[in-house]
Amino acid sequence: MLLLASALFLALVQASVALHTSTSAKATSTVALNTAAKAAGKLYFGTATDNPELTDKAYATLLNNTMMFGQLTPGNTMKWYATEPEKNVFNFTGGDQIVALAKATGKIIRGHNLIWHNQLPDWVTNGSWTPETLAPVIETHVRTEASHYAGKMYSWDVINEPLYDNGTMRANVFYQTLDSSYISIALRAAHAADPKAKLYINDYNLESTGPKIDAMVHLVKNLLAAGVPIHGIGFQGHFILGEVYPSQLQTNMERITALSLEVAVTELDIRIKLPATDADLEQQKADYMSVVQTCVAVSKCVGVTVWDYTDRHSWIPSFFPGYGEACPWDVNLVRKPAYDGIAMAFKNCTM
Ligand code: G3I
């Protein structure tokens, strides 16, 4: 009986903690984030989105607010598995929907992505390739997709995640077949197809000092020396709560901008070990603020994109079991303290 009572008590406490943490701490700022980003001299504050989410009316209503979001990144539907599922069979339906939405609501688009080791169709991953057979496949894929969207994209993540954390080149099918030449093949093809789009290499864990950013700087220098078109580096920004080191992030961004490239925070989220407490949400606010402040401080950091704006549609819980609440809006689309952190960073004031 005593055991049952204490189990019940524990369950009640846990339930009240869950309710408390998901609803108690809210943002107070009323400034809209894209408006604030522009006032701070940035090109945009944006978000990733994905086609299935667009049927969520409350989600879509806020997404469409251009004062809040001035830029979209399609989370999945411009990737190779979606756009060329079979060789030479192209499908741009999903990407087109997001481009049309962006156009209708006055947003710019970061195309994501043309070449990545993940979400590849089997015919690419499992093909038995030689340099002579794979190079034209890369060129056709990049040319066809970049031409389809020519003139509509602010930028393209032409190459996604080419490096391991230890700074060596990721041994994907492209590297294994063509060595690092696959990068210049793709960049040249993208530039020929859409000369106005800014061409990016995008990667994670470039935010702290160490071998990965060293390798990225080295890669960019080699590409520039060879005359390859490359205009920006994307710092994805998938952080763990309390592990944001703004001075390292600024140093790393400035190593890239010193090479005359621009940078952007392309996939920002800050995951929390669940259950999140109010103290965690305050820390998350500080972490969001320091990332955005860093982008504000680096003049050639063009903007910040969150990897979806709400916990309702975040990738985190399914990829990192036990973690969540990584976005600035909660599952009910209520603004969290993180929202204030972003607003304060753009406004450069304390509110
Ligand atoms: O398309 C299938 C669908 O047919 C099926 O019913 C469903 C069942 O789970 O799965 C669907 O595929 C999922 C796909 O997203 C589309 O929704 C995959 O399981 C899921 O693994 C995939 O996750 C995506 C992930 O990339 C893949 O690595 C996330 O949504 C997407 O947000 C995420 O984005 C990446 C960036 O592109 C690069 N940087 C890291 C970032 C987070 O992983």
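All figures in this text were calculated on a predicted structure; none of them were measured in a lab.

Caption draft 1: Geometry of the nonpolar core. I115, I138, W156 and F174 are the most contacted members of the largest nonpolar core, which totals 100 residues. The element best represented in this core is helix 9 (residues 181-193), accounting for eight residues. The contacts of I138, once residues within four sequence positions are left out, are W80, I115, F174, L178, Y182, I185 and A186.

Caption draft 2: Geometry of the confidence of the model for the chain. For the chain, mean pLDDT is 94; residues scoring 70 or higher make up 92% of the total. Overall, residues 1-21 carries pLDDT values under 50, and its contacts beyond four positions in sequence, including any with other chains, amount to five contacts.

Caption draft 3: Looking closely at the site of the ligand. Lining the immediate environment of the ligand, one finds 16 residues, of which N76, K79, H112, E267 and W307 sit closest. A distance of 3.0 Å is found between a nitrogen atom of the ligand and a side-chain nitrogen or oxygen belonging to E161. Contact with the protein chains hides 53% of the accessible area of the ligand, taken as 790 Å² for the molecule alone. Split into classes, the residues belonging to the shell around the ligand amount to five nonpolar, eight polar and three charged.

Caption draft 4: Spotlight on the packing of aromatic side chains. With the rule as written, the count across this model stands at 17 aromatic pairs. Taken together through their ring pairs, the aromatic side chains of F45, Y59, F69, Y309, W329, Y339 and F346 make up a single cluster. For R110, the ring lying beneath its charged end belongs to Y200, and the centroid distance is 4.6 Å. The ring of Y339 carries the charged tip of R335 above its face, separated from the ring centre by 4.5 Å.

Caption draft 5: Representation of the state of the cysteines. Across all of its chains, the model carries one disulfide by this definition. At a sulfur-sulfur separation of 2.1 Å, the disulfide partner of C295 is C301. Taking the torsion about the S-S bond as the criterion, the C295 to C301 disulfide, at about -100°, is left-handed. Each of the two residues, C295 as well as C301, counts as buried. Here C327 is not disulfide-linked; the sulfur of C295 is the nearest cysteine sulfur, at 18 Å.

Caption draft 6: The arrangement of the UniProt feature "domain: GH10" (unreviewed entry) in the chain in detail. If you check UniProt for "domain: GH10" (unreviewed entry), the listed places come out as residues 27-345 in our numbering. Here residues 27-345 is 41% helix and 18% strand, with 14 Å between the C-alpha atoms at its ends.

Caption draft 7: How the structure looks around the side chain of H238. Structurally, H238 can be placed in strand 7 (residues 238-240). In terms of polar contacts, H238 uses its side chain to reach the side chain of E267, at 2.7 Å. In terms of polar contacts, H238 uses its side chain to reach the side chain of D269, at 2.8 Å. Once you skip the residues sitting within four places of it in the chain, H238 turns out to touch E267, D269, R271, W307 and W315.

Caption draft 8: Main features of the side chain of D340. With respect to the element layout, D340 can be found in helix 14 (residues 337-347). K285 provides the closest opposite charge to the buried, salt-bridge-free D340, at an N-O distance of 4.6 Å. A distance of 2.9 Å separates a polar side-chain atom of D340 from the backbone nitrogen of T28. If we ignore the near neighbours within four places in the chain, the residues touching D340 are K26, A27, T28, S29 and K285.

Caption draft 9: The environment of K198, seen in detail. Take K198: it is sitting in strand 5 (residues 198-203). The spacing of K198 and W116 is 82 residues in sequence and 18 Å in space, taken between C-alpha atoms. For K198, the residues in contact, after removing those within four places along its chain, are Y154, S155, W156, H231 and E262.

Caption draft 10: Focus on the pattern of salt bridges. For the structure on display, the rule yields seven salt bridges. Across the pair K212 and D165 runs a salt bridge whose closest N-O atoms are separated by 2.9 Å. With K212 in helix 10 (residues 211-225) and D165 in the loop between strand 4 (155-160) and helix 8 (173-178), this residue pair connects regions lying 47 residues apart in the sequence. K212 gets classed as buried once you look at its relative accessible area, which sits at 3%. Across the salt bridge formed by D311 and K336, the nearest N and O atoms sit 2.7 Å from each other. With a gap of 25 residues between them, D311 in the loop between strand 9 (301-306) and helix 13 (316-319) and K336 in the loop between strand 10 (323-324) and helix 14 connect regions that are remote in the sequence. Note on D311: relative accessible area 10%, which makes it buried. We classify K336 as buried; its relative accessible area is 2%.

Rules used in this analysis
Residues numbered from 1 in each chain as written. Predicted model: local features only at pLDDT ≥ 70, side-chain atom pairs only at ≥ 80, totals over all residues. Heavy atoms only, no water. Core = buried A, V, L, I, M, F, W, Y, C linked by side-chain atoms within 4.5 Å. Buried < 20%, exposed > 50% of the residue type's maximum accessible area, 1.4 Å probe, protein only. Helix = DSSP H or I, 4+ residues; strand = E, 2+ residues; numbered from the N terminus. Contact = heavy atoms within 4.5 Å. pLDDT = per-residue confidence, 0-100. Near = heavy atom within 4 Å. Polar contact = N/O pair within 3.5 Å; in protein donor to acceptor, adjacent residues only side chain to side chain. Areas by Shrake-Rupley, 256 points an atom, 1.4 Å probe, with all protein chains shown as cover. Nonpolar A, V, L, I, M, F, W, Y, C, P; charged D, E, K, R; others polar. Phe/Tyr/Trp six-rings, centres within 6.5 Å; stacked < 30°, edge-to-face > 60°. Lys NZ or Arg CZ within 6 Å of the ring centre and 35° of its normal. Disulfide = S-S within 2.5 Å. UniProt positions renumbered as here; feature names shortened; annotations may be inferred. Lys, Arg positive; Asp, Glu negative; His and termini not counted. Salt bridge = Lys/Arg side-chain N within 4 Å of Asp/Glu carboxyl O.

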